[in-house]
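A look at the structure
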Amino acid sequence: MAAKQTGEEISRNCLACGFPFWDQLTASQQESLCRSTRPVRYEKGAHIHSPTENCVGILLIRSGQLRAYLLSEDGRDVTLYRLFKGEVCILSASCVLEDVTFDVHIDAEEPVDAYCIGAGTFRGLMEQNVYVRCFAYQRITERFSDTMWAMQQILFMSADRRLAIFLTDELAKTGSLELRMTHDQIARYMGSAREVVSRLLKYFAQEGLVSLSRGGLTVLDKPRLQKLAREGRAGRGRTG
């Protein structure tokens, strides 16, 4: 019978799987990364990061979902992107990236279990190891691409096309034709008003694209929905 892994061994294995630069670290750098890593849990709705707060650290998500968004002075927010199991939240430690100023808020959309790597340790590894530095800036570039894509949709695309893109993206993530999400949640993720989303979903239902139910919907005509979404994807450089 295999020996039960210790908490340290589990975290080490997770770090090795979650960070592609792991094998490019020296033994002492691996030990340093492990020592500065701790398990954290955030309940649904928890506020994790804002521009006025100290660095939380790099988060390697084990389960749950994070949402990054911009917040206006009057309290309106625009979702930039969401992060899921196995992904790394690097803007929660934006202090390690002095050339990147990103006034982003990060909340837990679901209960989140993660490993948190201390910002100071990660900064030191970036200075010592080019693979860590490349990893960090690659993730920042991806998040910037996500942000530009969100802004492009809000500024230049019709609401029905944005909704079609959102629904097809969600179907791709879950592999199901059913989506358990309220109109208010969809509107928040799209950066739209709930009334607009409700009106469009009613129109989609009348057109036979979806059927609506309490707290969710089912896609009935995926090819037509994908066609509408593809028309809105022209020019996007990266799927995601």
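Before going into details, it helps to say that this report is about the structure given with it. None of the values given here were measured: they were computed from a predicted structure. (Residues numbered from 1 in each chain as written. Predicted model: local features only at pLDDT ≥ 70, side-chain atom pairs only at ≥ 80, totals over all residues. Heavy atoms only, no water.)

What follows deals with the packing of aromatic side chains. Per the stated rule, a full pass over the model turns up six aromatic pairs. Following the ring pairs from residue to residue traces out a cluster consisting of Phe19, Phe21, Phe122 and Phe135. Positioned over the ring face of Tyr69 is Arg67, at 4.3 Å from the centre of the ring. The cationic tip of Arg143 hangs over the ring face of Tyr81; the distance from NZ or CZ to the ring centre is 5.0 Å. (Phe/Tyr/Trp six-rings, centres within 6.5 Å; stacked < 30°, edge-to-face > 60°. Lys NZ or Arg CZ within 6 Å of the ring centre and 35° of its normal.)

Here three strands make up an open sheet; going across it, the order is β9-β11-β10 and the pairing antiparallel. Every other strand in the sheet has two partners, leaving β9 (178–179) and β10 (210–213) as the edge strands with one partner each. In the sheet, β10 pairs with strand β11 (residues 216–219) via four bridges, with the strands oriented antiparallel. Opposite Val210, over in β11, you have Val219 as the bridge partner. Of the strands in this sheet, β10 and β11 touch helix α7 (residues 194–206), which is tilted by about 125° from β10. (Pairing = 2+ DSSP bridges. Helix = DSSP H or I, 4+ residues; strand = E, 2+ residues; numbered from the N terminus. Contact = heavy atoms within 4.5 Å. Axes fitted to C-alpha atoms, helices over the stretch in contact; angles between N-to-C directions.)

Now for helix α2 (residues 27–35). An α-helical turn contains 3.6 residues, so a residue and the one three or four places further along point in the same direction. Within the span of α2, buried status applies to Gln29, Gln30, Leu33 and Cys34. One face of α2 carries all of its buried residues, which in axial projection span an arc of 140°. Across from the buried face of α2, at angles greater than 90 degrees, the exposed residues are Ala27, Ser28 and Arg35. (Buried < 20%, exposed > 50% of the residue type's maximum accessible area, 1.4 Å probe, protein only. Arc of directions from axis to C-beta.)

Okay, the nonpolar core next. Of all hydrophobic cores here, the largest spans 42 residues; its most connected members are Phe19, Leu33, Leu59, Leu66 and Phe122. Leu163, Leu167, Leu171 and Ile186 belong to the second largest nonpolar core, which has 25 residues in total. (Core = buried A, V, L, I, M, F, W, Y, C linked by side-chain atoms within 4.5 Å.)

Another aspect to go through is the sheet that holds strand β5 (residues 77–83). Read across the open sheet, the four strands follow the order β2-β7-β4-β5; overall the sheet is antiparallel. The open sheet has two free edges, formed respectively by β2 (47–49) and β5, since each of these has just one partner strand. Each strand of the sheet is rotated relative to its neighbour by a mean of 35°, with strand direction disregarded. The pairing of strand β4 (residues 66–71) with β5 spans six bridges and is classified as antiparallel. In the strand pairing of β5, Leu71 is matched with Asp77. Contacting β4 and β5, helix α6 (residues 183–190) runs over the sheet at an angle of about 90° to β5.

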